[in-house]
Amino acid sequence: MNIIEKIQNNIVVFDGAFGTELQKRGLKPGEHPEEWNLTHKDEVIAVHKSYIEAGSDIINANTFGANRLNFGDRTEELILSAIKNAKQAVKESGKECFVTLDIGSLGKLLKPTGDLDFEEAVKIFKEVVVCGTNAGADLILIETMTDSLETKAAVLAAKENSDLPVFVSNAYDKSERLLSGTDAEAMVAMLEGLKVDAIGINCSLGPVQMKPIVEKLCRFSSLPVFVCPNAGLPREENGKTVFDVGADEFAQIVKEFVSMGVHGIGGCCGTTPKFIEKLAEIKKSSSPLPIKKKNFTVVSSYAKSVYFGERPVLIGERINPTGKSKFKQALRNNDIGYILGEATGQKDKNVDILDVNVGLPEIDEIKMMQDAVTAIQAVVDLPLQIDTSDFSAMEKAMRIYNGKPMINSVNGKKEVMDKVFPLVKKYGGVVVGLTLDENGIPETAEGRIEIAERIYNEALKYGIEKKDIVIDPLALTISSDRNSANTTLEAVRRINEDLCGNTILGVSNISFGLPCRDNINSAFFTMAMQKGLSSAIINPYSDKMMESYYSFIALSNCENGTEKYIDFASSVTEDKKVTSQEITSLKTAIEKGLEEKAKSLAENLIREKSALEIINEEIVPALDSVGEKFEKKALFLPQLLMSANAAKNAFDVIKTTMSSEKQTSKGKIILATVKGDIHDIGKNIVKVILENYSYDVIDLGKDVEPESIVKTAKEENIKLVGLSALMTTTVPAMKETIALLKKELPQCKTVVGGAVLTEEYAQMIGADKYAKDAMETVRYAETLEL
């Protein structure tokens, strides 16, 4: 039985923590576990065997951090030896056990919020995948991922360069989201679209804290779910890192996960072979629940999931050059700021999805589509509909899209389906199916239904289910065919009732060529919703269209329909269309993350106000507002960083006019990832935010020796040092650094953060402050005289 069949039909036991087991055998604080594949292979094999003997069906090769960024030319050697050691352990044990190629994060943020290019990330992961596959791994485990886009890069590398099964596990925090802001529902949508073989959660949290996330994974996933919690939360005891959940309690909670539908169980930080023994007992005494196919039609961004069927879904139509001379000129001028203005403006009008069409004959549509999708996703958290007839542009956009997109469109022509469906099969998405074919658009509802069925049937050949197809029965103007509205409405009804399918319409097409179009559009929109219309592409700035929509969902008793209507009614007299071009407040531009707009507004303001006035009245209040929303999870990391970039653009403009004595710094702060830890995503985020609050940051990088940190702190007279650690095995190095700082510079404060830390644990290792995120670091710095 292969591993896919095994986890689909049985409970499968993973292994537990690896680095801490090596520490028991002599791995020093800050020493890289992967190095032991070559220098201490007997100890590595012994750890693997201890887990196999405890009952593990799957063991992870010691390759978590093995990639070019961390080990350069030695990466291949380390991976080959790791797989060899794991295979040797399996052989010596005499038991059936699968060996994973264990792939962790690269430790860098991807563009546009970071500096690592998406395709470069794919390339680095590819090198690992090719090496591990050739070495004989049985499956690929992508784990402890905190960024959905990096997760996608790793999955693409795995799927494009190996036929091995791919399991993916993300690390969620206490907010039940990834560092990038992604929740379990959005991850399920994206990962199922990418056709991975199992979906999981590991690290950061103990089993108790994981419960609500596990429940969501089981509720929304049609794939096997696996769970590898930490042994509770960490603390220090007699100079060692220990966790607050014992093996028996751990197993008791994990057994609840099995009753919820989990098929894979294992451990992460703090777990030992004893924990795995207890999980193996659960396997023997429990039967897994059957995995049920879920029938959700869902599209997602990195932060939001939109489900079809709960109420009609609104898709904003304004990012489209058709009939829009200003938009066409913006495309010719490569004016991304104009596009972002339309994106943020429509978000403010509460659409669910943004249609993105940048097709213009005289521009490079492929590049513009990539640029637009990347830029929009950086400032707006709504899912996007990639709208293009250029299949190359479609693929490029789908590849870099962070989530599960909507695709517009396919139709009944065989050559079009042959182009689009392979892309949807590979990257995932909900695709719009237009009811037209080689003979044009049928005049009857029956003819359009026949094309819809043909699209469904052809999609199934690619493994694309009906739930991922939304049929457009096409609204044609009544100015040329007075019965066209009735034909379209009948097609909507039949697709909804007879085919149990989802539908979409470009509503405004019904009134083309007529005066007072909003009157016709809004009435037709209401009629279509009454027939069961699932979604509509509309102009959200049309009061009549929005009045029809909110009135309908209130009268139809959709979830929160009445409340949404009241909110709309109270704001309708206040709301006006505000695009990037009409934003006149620097504070607003920064809050929305509009970099170029912030720069131009700062250039205008500097002629009217002093630099300090702009900083105190516009920039700092904007950053405070965004920071508060981030702390309340009203916006997420990409938006926080784009706002920080917008603030930096504004500050770069005004600081040139400030006299040297006025360019005051709030103080110098050292940031470093501690010895042995090769992940610096969190540190880099903190750096960006601190610099925007006028702190001078001395970034010492990652894997930094305690002595180097202390030496720099002395030389620069530093009064605050920020330390980061992702891995449990490197926390002792953090403690060592803190102790050395307190000895050599007792006046220097330390602030610490990282996935494995808690406030209690930070206190135990001597830190002055535990910061759960970048904004809390800023708040702490503001309390000190630096």
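Quantities reported herein were computed from a predicted structural model and do not represent experimental measurements.

A.B. asks: Before we move on, can you summarise empty space enclosed by the protein with the specific residues and values?
C.D. replies: Inspection of every chain in the model, using the stated rule, returns 4 cavities of 30 Å³ or more. Of the pockets and cavities examined, the largest cavity occupies roughly 530 Å³. Considering the residues around the largest cavity, the lining is formed by 31 residues, among which F18, G19, F64, E143 and C268 are closest to the centre. Elements that contribute at least two residues to the lining of the largest cavity include exactly α2 (19-24), β4 (139-145) and β7 (225-228). Take the lining of the largest cavity: its biggest share by element is 3 residues, from β4. Of the residues contributing to the lining of the largest cavity, the split by class is 14 nonpolar, 13 polar and 4 charged. Approximately 60 Å³ is the volume found for the second largest cavity. In terms of lining residues, the second largest cavity is bounded by L623, V626, G627, L640, A644, I689, N692, Y693 and M775. Breaking the lining of the second largest cavity down by element, the ones donating at least two residues are α25 (611-631), α26 (637-655) and α27 (681-692). The element best represented in the lining of the second largest cavity is α25, accounting for 3 residues.

A.B. asks: Before we move on, can you summarise the side chain of T488 with the specific residues and values?
C.D. replies: Here T488 is to be found in helix α19 (residues 484-497). Excluding its chain neighbours within four sequence positions, the residues that come into contact with T488 are R448, P473, L474, A475, L476, L505 and F524.

A.B. asks: Got a sec to walk through the sheet that holds strand β21 (residues 668-673)? Specific residues and values, please.
C.D. replies: Here 5 strands make up an open sheet; going across it, the order is β22-β21-β23-β24-β25 and the pairing parallel. The two strands at the open ends of the sheet, each matched to only one other strand, are β22 (696-699) and β25 (769-770). Bridging between strand β24 (residues 749-753) and β25 involves 2 bridges; their strand directions are parallel. Along β25, the bridge assignment pairs V751 with K769. Taken strand by strand, helix α28 (residues 706-716) contacts β21, β22 and β23 (720-724), and its axis lies near 170 degrees from that of β21.

A.B. asks: Describe helix α20 (residues 517-530), naming the residues involved and giving the relevant values.
C.D. replies: Counting along an α-helix, one turn takes 3.6 residues, and residues three or four places apart therefore face a common direction. Here α20 spans 20 Å end to end across 14 residues, near enough to the 20 Å set by a 1.5 Å rise per residue. Buried within α20 we find N521, S522, F524, F525, A528 and M529. Buried residues of α20, seen end-on, are gathered within an arc of 165 degrees and therefore sit on one face of the element. If you follow the buried residues of α20, they end up packed against β13 (313-319), α19, β19 (502-506), β20 (535-538) and α21 (543-555).

A.B. asks: Lay out the pairing of β21 with the relevant residues and their values.
C.D. replies: Note on strand geometry: in a regular strand, side chains alternate between the two faces of the sheet. In terms of burial, β21 is a largely internal element, 5 of the 6 residues being buried. The pairing of β21 with β22 spans 4 bridges and is classified as parallel. Residue pairing in the sheet places K668 in a bridge with D696 of β22. Handedness of the crossover joining β21 and β22 through α27 is recorded here as right-handed.

A.B. asks: How would you summarise the packing of aromatic side chains if you had to cite specific residues and measurements?
C.D. replies: For the structure shown, the criterion picks out 12 aromatic pairs. With centroids separated by 5.2 Å and ring planes inclined at 75 degrees, the aromatic side chains of Y549 and Y550 adopt a geometry described as edge-to-face. Each member of the pair Y549 and Y550 is classed as buried. One aromatic cluster is present, formed by F525, Y549, Y550 and F568 through successive ring pairs. Over the aromatic face of Y456 sits the side chain of K466, whose NZ or CZ is 4.9 Å from the ring centroid. When the ring centre of F630 is taken as origin, the NZ or CZ atom of K633, which lies over that ring, is 5.1 Å away.

A.B. asks: Give me the lowdown on the pattern of salt bridges, citing residues and values where you can.
C.D. replies: A full pass over the atoms with the stated rule returns 46 salt bridges. One salt bridge in this structure joins K414 and D418, with 3.1 Å as the shortest N-O distance. Of this pair, K414 and D418 both sit in helix α17 (residues 414-427), separated by 4 residues, roughly a single helical turn. For D418, a relative accessible area of 32% translates into the label partly exposed. Taking the shortest distance from any N to any O, the salt bridge between E591 and K587 comes out at 2.6 Å. Taken together, the residues span about one helical turn, with E591 and K587 both in helix α23 (residues 586-591) at a distance of 4 residues. Residue E591 is classed as partly exposed on the basis of its relative accessible area, which comes to 21%. One salt-bridge network, in which partners are shared between bridges, spans E119, E160, R399 and K426.

A.B. asks: Quick one: what's the story with the packing of helix α10 (residues 207-220) against helix α11 (residues 247-260), residue by residue and with numbers?
C.D. replies: Relative to each other, α10 and α11 sit at 10 degrees, their axes nearing to 10 Å. Comparing their axes, α11 and α10 come out roughly parallel. Only F250, I253, E256, F257 and M260 of α11 make contact with α10, whose side of the interface consists of P207, V208, M210, K211, V214, E215 and C218. Split into classes, the residues belonging to the contact of α10 with α11 amount to 9 nonpolar, no polar and 3 charged.

A.B. asks: Give a description of the side chain of N411 that names residues and reports values.
C.D. replies: By the element assignment, N411 lies in strand β16 (residues 406-411). Given the relative accessible area of 10%, N411 is considered buried. For N411, the side chain forms a polar contact with the main-chain nitrogen of K413, separated by 2.8 Å. Leave out the neighbours within four places in its chain, and N411 touches V416, M417, L434, L436 and I455.

A.B. asks: Let's hear about the sheet that holds strand β2 (residues 58-60): which residues, and what values?
C.D. replies: One open sheet accounts for 8 strands, arranged β1-β10-β7-β6-β5-β4-β3-β2; its pairing is parallel. A single partner strand is all that each edge strand has here, and the edge strands are β1 (12-13) and β2. By the bridge criterion, 2 bridges tie β1 to strand β10 (residues 264-265) in an arrangement that is parallel. Residue pairing for β10: V12 is matched across the bridge by G264.

Conventions used here
The numbering scheme is per chain: residues are counted from 1 as the chain's sequence reads. Whole-chain, interface and lining totals are the exception, using all residues; otherwise, since this is a predicted model, local features are given only for residues with pLDDT of at least 70 and side-chain atom pairs are given and counted only at 80 or more. Only hydrogens and water are set aside when side-chain values are computed; all heavy atoms of the structure are taken into account. The way it works is a 1 Å grid over only the protein atoms, where trapped points that fit a 1.4 Å probe form a cavity and open points with protein on both sides within 12 Å along at least five of seven lines form a pocket, and then any residue with an atom within 4 Å of a point lines it. Grid points are joined across faces, edges and corners, and a volume is the space filled by probe spheres set on the points. Labels follow the DSSP assignment, with helices taken as runs of H or I lasting at least four residues and strands as runs of E lasting at least two, numbered in each case from the N terminus. As a working rule, the residues Ala, Val, Leu, Ile, Met, Phe, Trp, Tyr, Cys and Pro are called nonpolar, Asp, Glu, Lys and Arg charged, and the rest polar, with Gly in that last group. Whether two residues are in contact is decided by their heavy atoms: any pair within 4.5 Å suffices. Pairing between strands requires that DSSP locate at least two bridges from one strand to the other. Between N-to-C directions, angles span 0 to 180 degrees; the directions come from axes that are lines fitted to C-alpha atoms, helices contributing only their stretch in contact. Here the expected span of a helix is defined as 1.5 Å times the quantity of residues minus one. For every residue, the accessible area (1.4 Å probe, protein chains only) is compared with the maximum for its type, and the residue is labelled buried under 20%, exposed over 50%, or partly exposed between those bounds. Relevant arc is that of directions from the helix axis to the C-beta atoms, nothing else. When the strands point away from the viewer, a crossover counts as right-handed if the path from the first strand over the helix to the second runs clockwise. Only centres within 6.5 Å qualify two rings of Phe, Tyr or Trp (six-membered ring in Trp) as a pair; their planes then separate them into stacked at under 30 degrees, edge-to-face at over 60, and tilted for everything else. Two limits define a charge over a ring: the Lys NZ or Arg CZ must be within 6 Å of the ring centre, and within 35 degrees of the ring normal. The term salt bridge refers to a side-chain nitrogen of Lys or Arg lying within 4 Å of a carboxyl oxygen of Asp or Glu. For classification purposes, angles smaller than 35 degrees are called roughly parallel, those larger than 145 roughly antiparallel, those between 65 and 115 roughly perpendicular, and all remaining angles oblique. For this analysis, a polar contact is any N or O atom pair within 3.5 Å, provided that within protein one partner can donate a hydrogen and the other can accept it, and provided that sequence-adjacent residues contribute only side-chain to side-chain pairs.

Don't take any of this as a statement about function, it's just geometry.
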